[in-house]
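Structure assessment
Residue strings, one per chain:
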Amino acid sequence: MRKFLLAAAIVGSLLFMPSGHAETKTYTGVGEYAIGERDTLETAKQGAKEKALRNALEQAGVLVMSRSRVEDMELVEDVITSRTGAVLQVKEVVYERTDLLVKATVTVDIDPEDLNRRLQNAEPSPKKIPPPPVNEENEKLYLSNKKVAEADSLMSEGNFENVLSILNEAFQLNSANAAVYEKLGMFYKAKKDYDTALLNYNKAVELDPNNSHAYSGRGQCYEILGDKAKARADLSQAKKIVTAQEKIREARKLCDEEKFDAAAPLASESLALNPKNAWAWTTVGNIYNGKKEFDKAIFYYQKAIGMNPNIGEAYSGLGQAYMALNNHDKAIANFTKALSFSP
């Protein structure tokens with residue numbers, strides 16, 4: 001069902017070192033990966049590590065190869081490798097995690113001069129492919145989430161001094177980012193201003209009914225204020241959302257392996273626990289596309305888009321289903337829509 005597109009591009013620069021004795025130097029690189037709903041922790045750690053390696057290689061002034069994997073019109077993998085592994089030895093990798101980001105710090109040994117000699121004898125590099133246009137809204141959301149992660153890190157250390165100003169910056173970047181309101185709720189809950197915390201948690205849930213942290217925080221506020229019924233309801237919903245997300249991640253892994261029959265019950269269980277998750281509806285559409293039941297796939301993709309019109313994967317799935325049914329006009333329209341999310 002899934003179609004993988006491979007694109008290779010040369011990034012970075014090649015700096016020729018003075019002739020003389022080759023010397024291996026140690027470099028430290030840092031990379032961050034924003035955790036998406038579809039990501040496992042291992043996926044996020046690998047993404048952060050690869051970006052950290054690229055950072056180290058660029059510091060050394062060596063040529064870096066970028067290989068991107070695009071799945072259903074959305075970038076899902078960005079693998080960076082040196083032109084030759086002989087000059088790169090990873091000594092240490094340290095991971096740090098917040099709610100939204102995984103940060104990797106790598107320490108590597110690189111011999112830039114040795115790499116330059118190897119590259120002189122290498123085949124000519126492929127023509128550089130220009131990157132696609134930056135999606136401004138996605139970029140602002142990414143930067144907003146970085147600010148949210150910064151505020152969350154400060155609060156986890158018990159430092160609340162600059163949290164509000166940082167969250168205000170996150171709000172200015174994307175005023176519809178539910179994570180901003182969820183962290184504001186956390187801030188005011190810590191300050192024992194439960195009424196203001198509830199206002200922010202309410203807004204977070206309104207913007208993102210799948211935000212388990214908002215439900216959990218709101219439930220804790222209700223519990224402190226003595227509203228046991230609302231507290232139980234919110235804490236129960238938070239647990240359901242987390243369980244549903246775990247099931248849908250497993251279902252998506254099985255879809256990647258084309259094990260659609262095994263993925264189906266997990267997706268159904270996820271929807272039963274949390275029917276507001278548009279990614280779960282999209283995943284069921286993927287399952288039916290894989291089983292060549294295209295009318296059912298169309299139904300589930302349309303349900304997903306009705307909940308969240310910004311899922312490029314759902315439009316791509318619709319395009320595949322309509323193409324299989326020989327409805328080429330609708331296929332083209334949906335593929336075009338998918339491309340608007342990920343050129």
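Residues numbered from 1 in each chain as written. Predicted model: local features only at pLDDT ≥ 70, side-chain atom pairs only at ≥ 80, totals over all residues. Heavy atoms only, no water.

Looking at the chain as a whole, the pLDDT averages 79, with 75% of positions reaching at least 70. Across residues 1-21, where pLDDT falls below 50, the model places 63 contacts with residues more than four positions away in sequence or in other chains. Counting contacts from residues 63-87, a segment whose pLDDT is below 50, to residues more than four positions away or on other chains yields 93 contacts. (pLDDT = per-residue confidence, 0-100. Contact = heavy atoms within 4.5 Å.)

One pair of aromatic rings is described through two measures. These are the centre distance and the angle between the planes. Taken as a whole and judged by the stated rule, the model has six aromatic pairs. For the pair phenylalanine 187 and tyrosine 188, a centre-to-centre distance of 5.1 Å together with 90° between the ring planes defines the contact as edge-to-face. Given the relative accessible area of 6%, phenylalanine 187 is considered buried. Centroid distance tyrosine 288 to tyrosine 300: 5.5 Å. Interplanar angle 25°. Geometry classified as stacked. Here tyrosine 288, found in helix H10 (residues 278-290), pairs with tyrosine 300, found in helix H11 (residues 294-307); they are 12 residues apart in sequence, far enough to count as distant. What makes tyrosine 288 buried here is its relative accessible area of 18%. Classification of tyrosine 300 as buried rests on a relative accessible area of 19%. Here the aromatic residues Trp281, Tyr288, Phe299 and Tyr300 are joined through ring pairs into a cluster of three or more. A cation over an aromatic ring shows up here: lysine 303 above the ring of tryptophan 281, its NZ or CZ 4.9 Å from the ring centre. The residue whose ring lies beneath lysine 337 is tyrosine 315, and the NZ or CZ to ring-centre distance is 5.8 Å. (Phe/Tyr/Trp six-rings, centres within 6.5 Å; stacked < 30°, edge-to-face > 60°. Buried < 20%, exposed > 50% of the residue type's maximum accessible area, 1.4 Å probe, protein only. Helix = DSSP H or I, 4+ residues; strand = E, 2+ residues; numbered from the N terminus. Lys NZ or Arg CZ within 6 Å of the ring centre and 35° of its normal.)

Here we take up the pattern of salt bridges. Counted under the stated rule, the structure contains 11 salt bridges. Note that lysine 183 and glutamate 182 form a salt bridge whose closest N and O atoms lie 3.3 Å from each other. The exposure class assigned to glutamate 182 is buried, which follows from its relative accessible area of 4%. The closest approach of N and O atoms between glutamate 206 and lysine 203, which form a salt bridge, is 3.6 Å. Here glutamate 206 pairs with lysine 203, and both are found in helix H6 (residues 194-207), just three residues apart, close to one helical turn. Accessibility expressed as a relative area gives 27% for lysine 203, which makes it partly exposed. Several salt bridges share partner residues, and in doing so they unite Asp152, Glu182 and Lys183 into one network. (Salt bridge = Lys/Arg side-chain N within 4 Å of Asp/Glu carboxyl O.)

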